[in-house]
Amino acid sequence: MTAAQGTNPVLAQSGLPYDLPDFASISDDDFLPAFTEAMASHVAEVEAIAADPAAPTFANTIEALELSGRDLARASGIFFNLVGPDTNPRRNEISQELSTLLTDHANTIAVNPVLFERISDLHSRADELHLTEAQRRLLDKRYRESVRAGAGLDPDAQGEMRKIASRLAYLTTTFSQKILDDTNDSAVLVDDAAELDGLSAGQIAAARRAAGEAGHDSGYLLTLELPTSQSVLTELTNADVRRRVFDASVGRCARGNEHDTRELVLEIVRLRARRAEMLGYRDHAEYVIAEQTAPHPGAVDDMLRELNSSAMRAGGRELTRLTEFAGDAPIGPADLTFWLDREKRSHSAVPLDDFADYCELDAVLTRGVFFAANKLYGLTFREITDLPLYHPDVRAWEVRDDAGVGIGLFLGDFFARPSKRGGAWMNNIVDQSSVLHTQPIIVNVLNLTKPDAGQPCLLTMDQLTTLFHEFGHALHGLLSSVEYPSQSGTSVPRDFVEFPSQVNEMWALHPDVLANYARHHETGEPIPAELADAARDSAGAESAHGTIEYLAASSLDLAWHRLSVAEAEAVADVEAFEAQALTDAGLHTELIPPRYRSSYFNHIFGGGYSAGYYSYIWSEVLDAETEQWFLAEGGLRRENGRRFADATLSRGDSVDPLVAHEGLIGRRPRIEPLLRRRGLAA
């Protein structure tokens, strides 16, 4: 059906390539009616499955549930793709309303007693059903989801669980919205361009443009990035401006204004602790990690403890070195990355400032990111310029395999704007599924500064790495080859999901890849060999600062989520709890705050990483091992890409991801390559 035949345009088949939503035909007023209709039809489908008079089978119960709710999946793929990169007040209102409606909807299905009886029956007889590995995993997951939603509890407890889930959905959605609002509100206005010494002409022009867009008649607006560390702090020579930017960053959402999130943090933590207790877990961390590849919270604690002590020793050596390098200049928390950058440059025989001149966005994307994907996986990319996308800055490419067959659509949304939340991420508008005959539509979102018309967008080393990282997630979605949509692409345990993206980072400065894209944006000259070598040396010299701020955030996340109900109720001061948690982890230092303070830690209080922020470093153990495997097998070779895709990228959650990884490298992963990479080896 089409919208012209009366179907809500959110739910209508668009007729566009890969059934890309026709964003031009969709208005914000279409969303709530679409979700209402989609939820009603989904409930009807589920009730029919539960009422089936036939004895439960995998096909008539588990597979039927998996294939139900397709309209709801479509509406969710469209709307929640929009809320992150291009929100507005109306979309925020809709998101808030949907947060509770969708949670209630999911819980209604999960705890349906007749349905749960059918699922339980199948689960108890699973060994007799002769299921494939993917089917058995799907059955196990559906059973666990129902139990974890409270299907095994008495009616009163189920009622409390539903209230907790609904309230948490509201609170976490509110948390994310407040972060965006206060991040925009906390941007630093500088009156005199001379105070921006150290920034490039393009950065200064962007700051002036940002000030105008924010309603300032004059001045330069330094907008904030999501993490505590702000990239401009490595470049600004004016120490006072550095302090202003740093203070604005660490003070976000804790200023006592309407965007303050501290009370939200406390309530979220208490509700999560109560839910875990009701389900028989000691705490929320145990509840979360039960579904991850980590065997239990203690295993995560052991890894972090080893890394924390090594990182702090390395940090002490780094600070001693920086103090000597800076001479009489004081080094405060706003100055540390500035001096780290200056010290790193002092060891380079060539000025690393010139590196960005060879990293123009479009060249890096097409001759770097896409080039590596072609060499490894045989993929080709054809840009399509006449599709109705959700914002003028968004671009689209059709992706084809090495036989020339189209496998999906890739959308790139690279530039920052006030309506976009901070950070970088991957979305999937449509999941791949052979049962549904759907092919993936994948979106990569970044927050690069948009240049003035006619000017190039030049990438820093960090931005270059981020581009490759997010495309690693995109590859996970694009190369998916599974039957069931809930097992597609990145639908893997949270502490495994970062692994493929981190692996893809290794190609950013690989000699063959760098040589293909690194041309001077004005002259077209290839990057000098000495500058390429210096860039690789610089990227390989991981700072203790970066490791400590990440580990501090991971430890803070676990500290909040290792609280019992009574312990959570006793916490009244967010900042005091933070300080004590970091002290207990051996990571408390005034010079290096966590990568995210609690008040703007969107990963854990607004996103899906609660008790799971450790997953980046957990996945990096696998990544470091896999990098060594790639290099030992000859690097950028099609056969290596095929083996990696067959083991990981194509399998999603249809297999045990750790078992698949062990099959790839031939053994269990070890932590030593990670310690060497981060400069933490003894």
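Residues numbered from 1 in each chain as written. Predicted model: local features only at pLDDT ≥ 70, side-chain atom pairs only at ≥ 80, totals over all residues. Heavy atoms only, no water.

As recorded in an unreviewed UniProt entry, the chain goes by M3 family metallopeptidase and comes from Gordonia hongkongensis. Word for word, the UniProt comment on the chain under Sequence similarities (unreviewed entry) is "Belongs to the peptidase M3 family." (UniProt positions renumbered as here; feature names shortened; annotations may be inferred.)

Chemist: Looking at this model, I keep getting lost on the overall build of the chain. Mind explaining?
Modeler: Scanning the chain for helices and strands turns up 27 helices and 7 strands. Compactness check: the chain gives a C-alpha radius of gyration of 25 Å against a globular reference of 26 Å for 682 residues, within 12% of the reference. Taken along its principal axes, the extent of the C-alpha atoms in the chain is 80 × 60 × 55 Å. Total accessible area on the chain is roughly 27600 Å²; 50% of this is exposed by carbon and sulfur atoms. Measuring between centres, the 62 positive side-chain charges of the chain sit 3 Å from its 103 negative side-chain charges. (Helix = DSSP H or I, 4+ residues; strand = E, 2+ residues; numbered from the N terminus. Rg over C-alpha atoms; globule rule 2.2 N^0.38 Å. Areas by Shrake-Rupley, 256 points an atom, 1.4 Å probe, with all protein chains shown as cover. Lys, Arg positive; Asp, Glu negative; His and termini not counted. Charge placed at Lys NZ, Arg CZ, Asp CG, Glu CD.)

Chemist: What exactly am I supposed to notice about the packing of helix α2 (residues 58-67) against helix α5 (residues 113-124) here?
Modeler: Helix-helix packing: each pair is described by the crossing angle between the helix axes and the interaxial distance. Orientation of α2 relative to α5, taken along the N-to-C sense of each, is 115°, at an axis distance of 10 Å. When the axes of α2 and α5 are compared, the pair comes out roughly perpendicular. Considering how the two elements wind past one another, α2 and α5 form a crossing that is left-handed. Where α2 approaches α5, its residues Phe 58, Asn 60, Thr 61, Ile 62 and Leu 65 are matched on the opposing element by Leu 115, Arg 118, Ile 119 and Leu 122. Class assignment of the residues belonging to the contact of α2 with α5 gives a composition of 6 nonpolar, 2 polar and 1 charged. (Axes fitted to C-alpha atoms, helices over the stretch in contact; angles between N-to-C directions. Parallel < 35°, antiparallel > 145°, perpendicular 65-115°, else oblique. Left-handed = near helix turned anticlockwise from the far one by under 90°. Contact = heavy atoms within 4.5 Å. Nonpolar A, V, L, I, M, F, W, Y, C, P; charged D, E, K, R; others polar.)

Chemist: Mind showing me how you'd approach the sheet that holds strand β7 (residues 441-448) here?
Modeler: For sheets, the rule is that strands pair by backbone hydrogen bonds, running either parallel or antiparallel. Taken in spatial order, the 5 strands make up an open sheet running β3-β4-β5-β7-β6, and their pairing is mixed. If you trace the sheet from one side to the other, it starts and ends with β3 (380-384) and β6 (425-430), each paired once. Shown here is a sheet whose adjacent strand axes are inclined to one another by a mean of 25°, direction ignored. As defined by bridge partners, β6 adjoins β7 across 5 bridges and the pair is classed as antiparallel. Paired with Val 430 across the bridge in β7 is Ile 441. Running over the sheet, helix α3 (residues 70-83) touches β6 and β7 and is turned about 150° from β6. Against the sheet, helix α14 (residues 361-377) contacts β3, β4 (395-400), β5 (406-415) and β7, and its axis sits at roughly 150° relative to β5. (Pairing = 2+ DSSP bridges.)

Chemist: It is not clear to me how the nonpolar core should be interpreted in this structure. Could you clarify?
Modeler: Nonpolar side chains in soluble globular proteins generally cluster together in the buried interior. Among the nonpolar cores identified, the biggest contains 159 residues, and Leu 222, Phe 355, Tyr 377, Tyr 517 and Trp 560 are the most heavily contacted of them. Other than its neighbours up to four places away in sequence, Trp 560 contacts Val 265, Leu 266, Val 269, Val 571, Val 574, Phe 577, Ser 598 and Phe 605. Counting 35 residues, the second-largest nonpolar core is a separate cluster that includes Leu 98, Ile 384, Ala 396 and Val 430. (Core = buried A, V, L, I, M, F, W, Y, C linked by side-chain atoms within 4.5 Å. Buried < 20%, exposed > 50% of the residue type's maximum accessible area, 1.4 Å probe, protein only.)

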